[in-house]
Amino acid sequence: MRMLKTALAALALAATPAAADPVPVTIGTTPGATINRDIFGQFAEHLGTGIYGGVWVGPDSPIPNVRGIRSDVVAALRALHVPNVRWPGGCFADEYHWRKGIGAPALRPSTLNANWGGVIEPNTFGTHEFMDFADQIGAEIFLSVNIGSGTPEEAADWLEYMTGDGPSTLAKERAANGRAKPWNVKYLGLGNENWGCGGAMSNDHYVEEMKRFAHYTRNLNPAQTGANAMKRVAVGWDSGKSDYTESVMQAWKSKVWSWDIEGISLHNYTVAGWPPHLPSSNFGEDDYANLLADNQRMDTLIAKQTAIMDRYDPEKKLFLAVDEWGAWLAPNPGSNPGFLQQQNSMRDAILAAVDINVFMRHADRVRVANIAQMANVLQAMVLTDGPRMVLTPTYHVFRMYVPFQDAVAVPVTYAAGTYTRGKWSMPRLDAFAARAKDGTLWLAVTNVDPNQPLEIALTGRSAKGEVLTAPKVDSINTFDAPNAVTPKPIDARGSGGRLVLTLPAKSVAVVAIR
Ligand code: AHR
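What counts as what
Just so you know, the residues in each chain are numbered from 1, in the order the chain's sequence is written. For a predicted model such as this one, the threshold for reporting local features is a pLDDT of at least 70, and the threshold for listing and counting side-chain atom pairs is 80 or more; totals across whole chains, interfaces and linings nevertheless cover every residue. For side-chain calculations, the full set of non-hydrogen atoms in the structure is used, while hydrogens and water are omitted. By definition, pLDDT measures how confident the predictor is in each residue, and it falls between 0 and 100. Strands here mean DSSP runs of E at least two residues long; helices mean DSSP runs of H or I at least four residues long; both are numbered from the N terminus. We call two residues in contact whenever any of their non-hydrogen atoms come within 4.5 Å of each other. In what follows, salt bridge is the name for a side-chain nitrogen of Lys or Arg lying within 4 Å of a carboxyl oxygen of Asp or Glu. Between buried and exposed lies partly exposed: a residue is buried under 20% and exposed over 50% of the maximum accessible area for its type, with that area taken using a 1.4 Å probe on protein chains only. The pairing criterion for strands is at least two bridges between them, as found by DSSP. The path from the first strand over the helix to the second decides the hand: if it runs clockwise while the strands point away from the viewer, the crossover is right-handed. The rule is short: rings of Phe, Tyr and Trp, with Trp giving its six-membered ring, pair when the centres are within 6.5 Å, and they are stacked under 30 degrees, edge-to-face over 60, tilted in between. Placement of a charge over a ring requires the Lys NZ or Arg CZ to be within 6 Å of the ring centre, with the centre-to-atom vector within 35 degrees of the ring normal. Polar contacts here mean pairs of N or O atoms no more than 3.5 Å apart (in protein, one a potential hydrogen donor and the other a potential acceptor; neighbouring residues in sequence count only if both atoms are side-chain atoms).

Section: the confidence of the model for the protein
When pLDDT is averaged along the protein, the result is 95; 96% of the residues meet or exceed 70. Least confident of the elements in the protein is helix H1 (residues 2-15), whose mean pLDDT is 39; most confident is helix H11 (residues 393-400), at 99. Confidence drops under pLDDT 50 across residues 1-18; counting only partners more than four residues distant or on other chains, this segment forms zero contacts.

Here's the deal with the pattern of salt bridges
Should their charged atoms come close, side chains of opposite charge can pair. Counted according to the given criterion, the structure contains 28 salt bridges. Note that Asp38 is salt-bridged to Lys186, the shortest N-O span being 2.8 Å. Of the two residues, Asp38 sits in the loop between strand E2 (26-27) and strand E3 (41-43) while Lys186 sits in the loop between helix H5 (169-176) and strand E10 (187-190), which places them 148 residues apart along the sequence. Here Lys317 ties to Glu315 by a salt bridge, and the two come within 3.2 Å at their closest N and O atoms. Lys317 sits in the exposed class, given a relative accessible area of 53%. Here Glu315 falls in the exposed class, since its relative accessible area comes to 61%. Shared partners join several salt bridges into a network, and the residues in it are Asp310, Asp313, Lys316, Asp364 and Arg365.

So, the pairing of strand E13 (residues 319-327)
Summarising burial for E13: nine of the nine residues are buried, a large majority. Bridge count for strand E12 (residues 263-270) against E13 is seven bridges, and the pairing is parallel. Pairing of Ile264 across the sheet is with Leu320, part of E13. Strand direction decides the pairing type here: E13 and strand E14 (residues 366-372), joined by four bridges, are parallel. Across the sheet, residue Leu320 finds its bridge partner in E14, namely Val366. One crossover worth recording links E13 to the parallel E14 by way of helix H10 (residues 346-361), and it is right-handed.

So, the packing of aromatic side chains
Each aromatic ring pair is described using two quantities: the centre-to-centre distance and the angle formed by the ring planes. One pass over the full model with this rule turns up 20 aromatic pairs. Centre to centre, the rings of Trp87 and Tyr96 are 5.6 Å apart; their planes meet at 70 degrees, and the pair counts as edge-to-face. Ring geometry for Tyr187 and Phe319: centres 5.8 Å apart, planes at 80 degrees, overall edge-to-face. Within this pair, whereas Tyr187 is found in strand E10, its partner Phe319 is found in strand E13, the two being separated by 132 residues in sequence. An identical accessibility class is assigned to Tyr187 and Phe319; each is buried. Following the ring pairs from residue to residue traces out a cluster consisting of Trp56, Trp87, Phe92, Tyr96, Trp98, Phe125, Phe130, Trp158 and Tyr161. Taking the ring centre of Phe142 as reference, the NZ or CZ of Arg86 above it sits at 5.7 Å.

With respect to helix H3 (residues 127-137)
Of all eleven residues in H3, ten are buried, a share of seventy percent or more. Inspection of H3 places Thr127, His128, Glu129, Phe130, Met131, Asp132, Phe133, Ala134, Gln136 and Ile137 among the buried residues, and these make up the whole buried set. Gly138 lies just past H3 and shows a positive phi near 80 degrees.

Quick look at the side chain of Asn146
Within the secondary structure, Asn146 sits in the loop between strand E9 (140-145) and helix H4 (152-163). Within the structure, the side chain of Asn146 is placed 3.3 Å from the backbone oxygen of Asp94, a separation counted as a polar contact. When neighbours within four sequence positions are excluded, Asn146 is seen to be in contact with Ala93, Asp94, Glu95, Tyr96, His97, Thr151, Glu154 and Phe213.

Details of the environment of Glu209
Mapped onto the fold, Glu209 is located in helix H6 (residues 203-216). On the basis of relative accessible area, Glu209 is assigned to the buried category, the value being 17%. Along the backbone, Glu209 and Gly148 are 61 residues apart, and their C-alpha atoms lie at a distance of 9.3 Å. Discounting chain neighbours no more than four positions away, the residues touching Glu209 are Ile147 and Met201.

Written out as structure tokens, the structure is:
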């Protein structure tokens, strides 16, 4: 009887398939490009409740605020070490007239936000309020000037108003409005999508306008010279209609002394077919795979734009600013479609991690990126509803990735196969490693597979950090259940220099390897 039991047990063992060996993930030492912290930038447009409600509640609001800016949102964003915020748009920027947003709030005109829902723009949140907000969260400034419906004079005056240090009337007006010292403006966007909402300009027309604006929008702040000089960003890729990037680069190559730019922009949303139709909540694995498969375009598009830039600028003097990116999904049922309100799920967290890894792999050229958008709009960091605020899964990814800001990339190799669902297929594992200034080696690993955990083998004494996962691909944080998708500690097991880290299905992990 005993022999029979032993024989049966041996048979059962033989029939059990051997568990797959952990996938070796090898991290090299050769330093690569420095990851500019500005790729973790945000985008805040006057759109829906992105500003009004999401950032600004006004000084008389019962919602805790400092000079009208909500304190819960500020505290949340401070933890992200937001490097820069792009404002006031977007399409809104090419219809924005800055003078309407300064001076006594009660005297500011109400205008129409024709791009986004046709609602009234009270102009309560203007230049001073934006600068205050950026200061409160510790971010630098990325302003987009109005080329579409504005003039070089208007844009030049705005720059003088913000950065003038001498006794000019505009600098004095700024001081009279409460700000004596000039502000720093790190990046200046020369228009926005001028091939579309920014005036539907041909590429040649845009180039001529852009040169005038690049020349006349002078930053007069004495602190902004040399390495601190303001960086001008021209509009690039035009959704494939012609090629703005090619035309701008061509012009730059033969530029004359009076104008220059330092960067060129790329907007790329992950949509899986226009118009946006994939739901942002209550979806299944097909919609998960569909969106993430479509997201692979980010890498090919950046490679394409980089190749164009390389032909004119092999020394990589100019940077590529992916200054609008993220998932663009169907509007929340019942919401104003012009407000671009969508939920934010575990799928968004995976998408964000994969895209940030793409930017970091292209760090020699991609030196600025701005996710769309900061609050309540598209792939947001925070969602607000009156006094309530919730952190999204995307927020948690940005928080977990803070150690990568200004770190130096190191090579990482692995072969983990693909995840396939129906007609959609993509790499199962996405990994990136970098060494921070303090010498710590950081590894970011995303297990894209929504069904199977993945074990990876690493070399080191310990690998500890945080992992973000959720029961379902469409798990979300809500005002009533704000911690459904929230990071947890993760620790590798093993000894003798060999570590095994188990990545749950559909997860993003960031670990420090000692
Ligand atoms: O982020 C929403 C809009 O998308 C921006 O206003 C515009 O630049 C882009 O088309």
